Amino acid sequence: MKFHTRRQSLAMLGGGAIAAAVSQAGITHAETAPPAGTNPIITNAFTADPAPLVYDGRVYLYVGHDEAHGDQLFNMTEWLVYSSDDMKTWTPHGPIMKPTDFKWAVRDAWASQVIHANGKFYLYAAVEHDDSDKGKAIGVAVSDSPTGPFVDARGTALIGNNRTTPNGPHSWDDIDPTVFKDTDGTTWLVWGNGKCHFAKLKANMIELDGEVRTFDLPDYVEGPWLHKRGALYYLTYASMDKEKRMETIAYATSNTITGPWTYRGLITGTAENSFTIHPGIIEFKDQWYFFYHKATLTLNGEAGATGRRCVCLDYLYYNPDGTIQFSSRRPGLVCRPKRLDRRFFS
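Residues numbered from 1 in each chain as written. Predicted model: local features only at pLDDT ≥ 70, side-chain atom pairs only at ≥ 80, totals over all residues. Heavy atoms only, no water.

### What to know about the sheet that holds strand β17 (residues 262-268)
Pairing within the open sheet is antiparallel, and its four strands lie in the order β14-β15-β16-β17. Where the open sheet ends on each side, the last strands, each with one partner, are β14 (220-229) and β17. With direction set aside, neighbouring strand axes in the sheet form an average angle of 30°. Direction of pairing for strand β16 (residues 246-254) relative to β17: antiparallel, over a ladder of five bridges. Following the sheet pairing, Ile 249 is matched in β17 by Thr 268. (Pairing = 2+ DSSP bridges. Helix = DSSP H or I, 4+ residues; strand = E, 2+ residues; numbered from the N terminus. Axes fitted to C-alpha atoms, helices over the stretch in contact; angles between N-to-C directions.)

### As for unusual backbone geometry
Along the chain, Asn 39 connects to Pro 40 via a cis peptide bond; the corresponding omega equals 0°. The backbone of Asn 118 shows a phi angle near 55°, a positive value even though the residue is not glycine. Mapped onto the secondary structure, Asn 118 falls in the loop between β6 (112-117) and β7 (120-129). The exposure class assigned to Asn 118 is exposed, which follows from its relative accessible area of 51%. We note that Arg 245 has phi near 55°; this positive angle belongs to a residue other than glycine. Within the secondary structure, Arg 245 is located in the loop between β15 (232-241) and β16. (Buried < 20%, exposed > 50% of the residue type's maximum accessible area, 1.4 Å probe, protein only.)

### Some points on the pairing of β15
Of all ten residues in β15, eight are buried, a share of seventy percent or more. Bridge count for β14 against β15 is seven bridges, and the pairing is antiparallel. Residue pairing for β15: Lys 228 is matched across the bridge by Tyr 233. Linkage of β14 to β15, two consecutive antiparallel strands, is achieved through a turn of two residues, within which Gly 230 is found at a positive phi near 65°.

### Focus on the side chain of Ser 239
For Ser 239, the location among the structural elements is in strand β15. Side-chain polar atoms of Ser 239 contact the side chain of Thr 248, separated by 2.7 Å. If sequence neighbours within four positions are ignored, Ser 239 has contacts with Asp 219, Val 221, Met 246, Glu 247, Thr 248, Ile 249, Ala 250 and Leu 266. (Polar contact = N/O pair within 3.5 Å; in protein donor to acceptor, adjacent residues only side chain to side chain. Contact = heavy atoms within 4.5 Å.)

### Digging into the nonpolar core
One finds Tyr 62 and Phe 150 to be the most contacted residues of the largest nonpolar core, which totals 42 residues. The set of elements that each furnish at least two residues to this core consists of β1 (47-55), β2 (58-66), β3 (76-84), β4 (91-97), β7, β8 (135-143), β16 and β19 (287-294). For this core, the element with the most residues is β7, which contributes five residues. Not counting residues within four places of it along the chain, the set of residues in contact with Phe 150 comprises Tyr 62, Ile 96, Met 97, Val 114, Phe 121, Tyr 122, Leu 123, Ala 141, Val 142, Ser 143 and Ser 145. Ile 42, Ala 45, Val 63 and Leu 313 belong to the second largest nonpolar core, which has 19 residues in total. (Core = buried A, V, L, I, M, F, W, Y, C linked by side-chain atoms within 4.5 Å.)

### Let's talk about the sheet that holds β19
Adjacent strands of a sheet form backbone hydrogen bonds with each other and so pair up, either parallel or antiparallel. If you walk across this open sheet you meet the three strands as β18-β19-β20, and the pairing is antiparallel. Two strands lie at the open edges of the sheet, namely β18 (280-284) and β20 (310-315), each paired on one side alone. Shown here is a sheet whose adjacent strand axes are inclined to one another by a mean of 25°, direction ignored. In terms of strand pairing, β19 meets β20 through six bridges, oriented antiparallel. Counterpart to Phe 291 in the pairing with β20 is Leu 313.

As structure tokens, this is what we get:
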């Protein structure tokens, strides 16, 4: 199945169509901060692409800072981090890095993720490479603290548009990195728009260990996220609603991290007022959580839009057979979503 790229779909949809859909849904934009536990969870800035990390009794939430104005689309010049020990009250720690801290990058603080390894914290992030390898690339930075600051760990891109994935579908396919350390100690990097690439990382966390391969996933667009529950691997990603031409969150499962993957369906539908949606899933204090973004926050007089998103959080529930319960409405942590009927997959 062929899907339009992010930029093509946005061009087809247009701001007017998004606004009309929001109006029909009766969505309002409240500028006052919501009570703790309600969505969105971050209200002091427009934020997107949530990537949670559990470390030392706290959750650290890494996000891109949306700074678009008016009809501007994506304007993201830095990554921010917040933390919480109760999942309801979030402490801001300020910017941790900007794209040009990678000397070979020129702009775009797109999706990132941080992992703890070797006593340090490694941030994998998508940025725009300079003209020496023009297009999106993935860099890796390192810090002694989960709240940064982070510095370039290599001096060159880990994943380059022409050097690493020369057969990619377009110049921005190398985005949305997710990194996962398995129980056997191996670490894997998964990323991509249009194609879902994956590769093993060396123990030093800054080099690939082997070839770049590709997962075959139905309706895959971008935004992969890996997690494991028991012996089962879950690969969650942004898929495409073919009627609305907006992203949804789908997932697949496998008994091995290299696949094959079995498609299981959707976790949630399209994001309110945003073409994109981006998942993050963690277990914290014996409860599973699902992070994502939408665009319903109004801040400093500017309403939410695809370039002005807001990060949200809800409980995640599994069925007895290991599948994830679908929910189209996610109220936040003020109440638990009503359990849905069990769904089975062959």
